[in-house]
Amino acid sequence: MRRPARRLLLAAVAALATVTATTLVLAAPAQAAGPTATFVKTSDWGTGWEGRYTIANGGPTTVTGWQVAFTLPVGTTLGSYWDATVTSAGQRHTFTNRSWNGTVAPGASVSFGFLATGSGSPTDCALNGAPCAGGTPTSPPTTAPPTSAPPTTAPPTTAPPTTPPPTTPPAGGLPRHALIGYLHASFANGSGYLRMADVPADWDIVNLAFGEPTTATSGDIRFQLCPPAECPGVETEAEFVAAIRAKQAQGKKVLLSIGGQNGQVQLTTTAARDTFVRSVSAIIDRYGLDGLDIDFEGHSLYLDAGDTDFRNPTTPVVVNLISAIRTLKQRYGAGFVLTMAPETFFVQLGYQFYGSGPWGGQDPRAGSYLPVIHALRDDLTVLHVQDYNSGPIMGLDNQYHTMGSADFHVAMTDMLLAGFPVAGNPDRFFSPLREDQVAFGAPSSPSAGNGYLAPAGVQAAVTCLVKGQSCGSYAPRSGTNPAFRGLMTWSINWDRFYAWEFRLRHGPFLRSLP
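Bear in mind that the values here come from a model prediction, so they are computed numbers and not experimental data.

Participant: An account of the overall build of the chain is needed here, citing residue identities and associated values.
Facilitator: For the chain, the helix and strand inventory stands at eight helices and 23 strands. Burial analysis of the chain (514 residues in total) assigns 59% to the buried set. A separation threshold of at least 6 residues defines the contact pool for the chain, and within that pool the share at least 24 residues apart is 75%. On the chain, roughly 17900 Å² of surface is accessible, and the fraction owed to carbon and sulfur atoms is 53%.

Put into structure tokens, the structure is as follows:
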């Protein structure tokens, strides 16, 4: 979830399954003046390959944004991608930087990667409109959301076993079916600022976006209301706290959401872990909040080489996060509300790929939320995966599903309700969560994120999951889930901007469910 008014981040990506690593450098300009884009085919398994472009700034001035465009020959198809967004027109594909890797200082470099099927290689490469081998860059234009086709890598062949979900009842005092939204409390964007007192009562959980670290590895989380210069009409802190108390008196929950697109949080040391606990506690106490939402994106979580078992993680950023959240839960007790909002890349992609894989070369972030969810499943109130800004993801039917459809919501949510073998390994099975622990996230409007689906489609997905009715081509393996928790959206502000479509359509719908 992101701050800017333009479309949100992170199409989820697939990484390499089983490959023999080969390296083919197609363009390697030496000492070129100015920015260059160099392509490397990092792996090739015959029917497809993984590629990487590195944008290097050999010039004297900072590059503040980049686009790399190239053509793939007929018969070669673009699949999943990472660390960039993409638009496609026929065989011509244009990749644009993300918010965190658009600035390239002199002498520095950034990269993005993608998968392709077929044997062809990129041609006619342009970097900001100039030849990739070097030239005068121009400012990259704004691009539309991705349109590329899903990859065709081989799916796992082992069917997931049936595992009954745990039966421990939840804590937290939430309604049976909840409406959950993010409030832009610390920043403004094109949707406008909304005072806490003006948030309608339909929202059962309000996540304050965002608490962010002073540096990526400090663990020191800070939260402040949007500055008046950025948000005219922002309330005082006393008014903000009073409005929180009023929401709580209505039975609503107000949480601190940590992370977001810009808030990269890496607890690489125990010192950072302890600082995280202290700083988060201070914010919760200052505002009298009900709990915490973990919205780690980008490069916050990853898995070190050799960390292959989600049940016994060893990577510090994962282990320290688990420990920190457990400490907070113990400090505040059973009523502490804990929610998580990972992207599909960090959860459902784990059905195919986990970490860097047995041979290395995969994106080490793949599936990296799974050990956190697994370790904290007894403390978790709601997991609402962001079913948006995602690439195609394989479901339990071993078919790829694309965001913006009811089938995508059903297939992605069913994986959490039925469980799945991680990286196709039946001996490492991610057990299902309770029904009441599972919701899914959808954009509130077309401007809020890629993958927007009109209310009728969202409600068809919920009806399929809850009642087994109105299902499309995907049949849930989990059966019916009458205690399914509900819907999350980014964001409350964007919903108001679009005349409250999400709230007015889905609030009554959720309350009407049995």
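Participant: So what about the state of the cysteines? Which residues, and what values?
Facilitator: Structurally, a disulfide amounts to a covalent bond that connects the sulfur atoms of two cysteines. Throughout the structure, instances matching the rule amount to three disulfides. Here Cys125 is linked by a disulfide to Cys132, with a sulfur-sulfur distance of 1.8 Å. Between Cys125 and Cys132, the S-S torsion sits near -60°, and that sign places the bridge as left-handed. One disulfide bridge connects Cys226 with Cys231, the sulfur atoms lying 1.9 Å from each other. One quick way to see it: the torsion about the S-S bond of Cys226 and Cys231 is about 75°, and its sign makes the bridge right-handed. Residue class for Cys231 comes out buried when judged on its relative accessible area of 1%. Each bonded cysteine in the chain gets a number by its place in the sequence, and the pairs come out as 1-2, 3-4, 5-6.

Participant: Break down the environment of Tyr193 for me, with residues and values.
Facilitator: The topology assignment puts Tyr193 in the loop between β11 (178-184) and β12 (205-213). Residues Tyr193 and Leu183, spaced 10 residues apart in sequence, show a C-alpha to C-alpha distance of 8.8 Å. Setting aside residues no more than four positions away along its own chain, Tyr193 makes contact with His184, Ala185, Phe187, Leu225, Cys226, Cys231, Val234, Glu235, Asn493 and Arg496. Side-chain polar atoms of Tyr193 contact the side chain of Glu235, separated by 2.7 Å.

Participant: Summarise helix α8 (residues 501-512); cite the residues concerned and give the values.
Facilitator: Residues three or four positions apart in an α-helix share a direction because the helix packs 3.6 residues into each turn. If you check α8, its first and last C-alpha atoms are 17 Å apart, about what 12 residues at 1.5 Å a residue would give, namely 16 Å. Looking at α8, one finds that the buried residues are Phe502, Arg503, His506, Gly507, Phe509 and Leu510.

Participant: Residue-level account of the confidence of the model for the chain, with values.
Facilitator: Averaged over every residue, the pLDDT of the chain is 87; residues scoring 70 or more account for 85%. Low pLDDT (under 50) marks residues 4-32, which in the prediction has 103 contacts with non-local residues, meaning those over four places away or in another chain. Under a pLDDT of 50 for its full length, residues 136-171 has, in the predicted model, 85 contacts with residues more than four places off or in other chains.

Thresholds, definitions, all that
- Note on numbering: residues in each chain are counted from 1, in written sequence order.
- Residues qualify for local features only when their pLDDT is at least 70, as the model is predicted, and side-chain atom pairs are given and counted only at 80 or more; totals for whole chains, interfaces and linings, by contrast, use all residues.
- Side-chain measures were taken over the full set of non-hydrogen atoms in the model, leaving aside hydrogen atoms and water.
- Counting from the N terminus, the helices are DSSP H or I runs at least four residues long and the strands are E runs at least two residues long.
- Exposure categories follow from relative accessible area, calculated using a 1.4 Å probe and restricted to protein chains: below 20% of the type maximum is buried, above 50% is exposed, and the middle band is partly exposed.
- When checking whether two residues touch, look at their non-hydrogen atoms; a contact exists if any pair is within 4.5 Å.
- Surface accessibility in these figures is a Shrake-Rupley result with a 1.4 Å probe; residues are shielded only by whichever protein chains are displayed.
- Disulfides are defined as pairs of cysteine sulfur atoms found within 2.5 Å of each other.
- What qualifies as a polar contact is a pair of N or O atoms within 3.5 Å, subject to a donor-acceptor requirement within protein and to the restriction that residues adjacent in sequence count only when both atoms come from side chains.
- One less than the residue count of a helix, multiplied by 1.5 Å, gives the span that helix is expected to have.
- As a per-residue quantity, pLDDT reports the predictor's confidence and falls between 0 and 100.

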